[in-house]
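For reference, the chains in residue letters:
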Amino acid sequence: KFEYAKGDGEHGQNLDAEAWYGNDYNKAWFKAEGERRGGHLQSLRTEALWDRTFATFWSTQLGVRHDSGGGDSRNWLAFGVRGLAPYWFDTEATAYWSGGRLAARFNVRYELLFTQQLILEPEVEANLYSRSDPARGVGSGLSDLELGLRLRYEIRRQFAPYIGVTWAHNYGGTADYARARGERNKSTQIVAGVRIWY
C-alpha cells in the first residue's frame, strides 16, 4: 500500500509492503512499514522472517527486525504468529527482543464486502515495550494505538485505489517524549492511496 496522508496540520506519505518467496508450508517473508512527514523519514520498520505453517490458516514467523528513522536505529529478534482468526480476522501477533528489551506488536484487519469490488477494511494496530527507549522516543507499556478505516475499489484484484481515515494516539512515556518534542499525541488523518499486489 502506498498512500498520501494529511491532517492535523501535517502531511506525508505512508508505505506498507510485504513480499514472500516459498511454498504453502515454508516461506521467506519480508515486511516494510514506514511514515514520512514534512519531507523527513519519521519511522521505518523492516523485518526479514522465516514463515512456517503449523495449522490450517496459521503460521509461525521467526527472524529479525530493524527500526530506523526518528532516532537511533535498533535491531530486534522477532517471533510471532500470523493467520486467520475465527470470522476471518487477519491477525498478527509478534514479540521482539533486543539487548534485554522486549516489545510486542498486534495487528488485526477485517474485510467487509459491499460488492465483489467495493471493500471496507477496518484495521487496529498496537505496540508495547517493556522498557523506555529515550533514543527512539518510546516509553514503556502501551506505546501507541492506531485505528484505520479504508474503502477500496478493486478495478482488478491486483490494483485497487482507496480512501480512508486513520486515528493515532500515543500513551504513557511515548506521549511524554512526543510532548517534549512539541509533537501531538493524537492525530486524525485522511489518507488516499493504492493497493497493489502481484
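Anyway, here's the lowdown on the structure attached to this text. (Residues numbered from 1 in each chain as written. Predicted model: local features only at pLDDT ≥ 70, side-chain atom pairs only at ≥ 80, totals over all residues. Heavy atoms only, no water.)

1. Here we look at the overall build of the chain
(1) Moving on: What the chain contains, in helices and strands, is one helix and 13 strands.
(2) Moving on: Sequence-ordered secondary structure for the chain, helices as α and strands as β, is β-β-β-β-β-β-β-β-β-β-β-β-α-β.
(3) Moving on: Viewed in the frame of its principal axes, the chain has a C-alpha envelope of about 45 × 40 × 30 Å.
(4) Moving on: Buried positions account for 37% of the 198 residues belonging to the chain.
(5) Moving on: Pairs at least 24 residues apart make up 41% of the contacts formed inside the chain by residues separated by at least 6 positions.
(6) Moving on: About 11400 Å² of surface is accessible on the chain, with carbon and sulfur atoms providing 62% of the total.
(7) Moving on: Of the charged side chains in the chain, 25 are positive and 24 negative; the average position of the first set lies 1 Å away from that of the second. (Helix = DSSP H or I, 4+ residues; strand = E, 2+ residues; numbered from the N terminus. Buried < 20%, exposed > 50% of the residue type's maximum accessible area, 1.4 Å probe, protein only. Contact = heavy atoms within 4.5 Å. Areas by Shrake-Rupley, 256 points an atom, 1.4 Å probe, with all protein chains shown as cover. Lys, Arg positive; Asp, Glu negative; His and termini not counted. Charge placed at Lys NZ, Arg CZ, Asp CG, Glu CD.)

2. Remarks on the side chain of Arg 152
(1) Moving on: Along the chain, Arg 152 turns up in strand β11 (residues 141-153).
(2) Moving on: Owing to a relative accessible area of 4%, Arg 152 belongs among the buried residues under this scheme.
(3) Moving on: Apart from residues lying up to four places away in sequence, Arg 152 is in contact with Glu 111, Gln 117, Leu 118, Ile 119, Glu 121, Ala 160, Pro 161, Tyr 162 and Arg 195.

3. A look at the packing of aromatic side chains
Centre-to-centre distance and the angle between the planes together describe a pair of aromatic rings.
(1) Moving on: For the structure shown, the criterion picks out five aromatic pairs.
(2) Moving on: Both rings, one in Trp 76 and one in Tyr 96, keep their centres 6.3 Å apart while their planes meet at 65°; by these two values the pair is edge-to-face. Note that Trp 76 is positioned in strand β6 (residues 74-85) and Tyr 96 in strand β7 (residues 89-98), a separation of 20 residues in sequence.
(3) Moving on: On the basis of relative accessible area, Trp 76 is assigned to the buried category, the value being 5%.
(4) Moving on: Ring centres of Trp 76 and Tyr 129 lie 6.1 Å apart, and the angle between their planes is 50°; on these two criteria the pair is classed as tilted. One end of the pair, Trp 76, is in strand β6; the other, Tyr 129, is in strand β10 (residues 118-129), and 53 residues separate them in sequence. Accessibility assignment for this pair places Trp 76 and Tyr 129 in one class, buried.
(5) Moving on: An aromatic cluster is defined as three or more aromatic residues linked by ring pairs; in this entry it consists of Trp 76, Tyr 96 and Tyr 129.
(6) Moving on: Taking the ring centre of Trp 20 as reference, the NZ or CZ of Lys 27 above it sits at 5.1 Å.
(7) Moving on: Directly above the aromatic system of Tyr 96 lies the positively charged group of Arg 65, at a separation of 4.4 Å from the ring centroid. (Phe/Tyr/Trp six-rings, centres within 6.5 Å; stacked < 30°, edge-to-face > 60°. Lys NZ or Arg CZ within 6 Å of the ring centre and 35° of its normal.)

4. Digging into the nonpolar core
(1) Moving on: Membership of the largest hydrophobic core is limited to eight residues, which are Trp 29, Leu 49, Trp 76, Ala 78, Tyr 96, Ala 103, Tyr 129 and Val 138.
(2) Moving on: In this structure Ala 103 touches Trp 76, Thr 94, Ala 95, Tyr 96, Leu 128 and Tyr 129, once residues within four positions along its chain are discounted. (Core = buried A, V, L, I, M, F, W, Y, C linked by side-chain atoms within 4.5 Å.)

5. Looking at the side chain of Arg 136
(1) Moving on: With respect to the element layout, Arg 136 can be found in the loop between β10 and β11.
(2) Moving on: As a buried residue without a salt bridge, Arg 136 has its nearest oppositely charged side chain in Asp 67, at a separation of 4.4 Å.
(3) Moving on: In this view, Arg 136 contacts Asp 67, Ser 68, Gly 69, Gly 70, Gly 71, Asp 72, Ser 73 and Arg 74; residues no more than four positions away in its chain are not counted. (Salt bridge = Lys/Arg side-chain N within 4 Å of Asp/Glu carboxyl O.)

6. As for a nonpolar patch on the surface
(1) Moving on: There is a patch of nonpolar side chains on the surface, built from Tyr 87, Phe 89, Val 108, Val 124, Leu 147, Leu 149 and Trp 167 and spanning about 620 Å² of accessible area.
(2) Moving on: Of note, Trp 167 is situated in strand β12 (residues 159-170). (Patch = residues over 30% accessible without salt bridge, like charges linked within 9 Å, V, L, I, M, F, W, Y side chains within 5 Å.)

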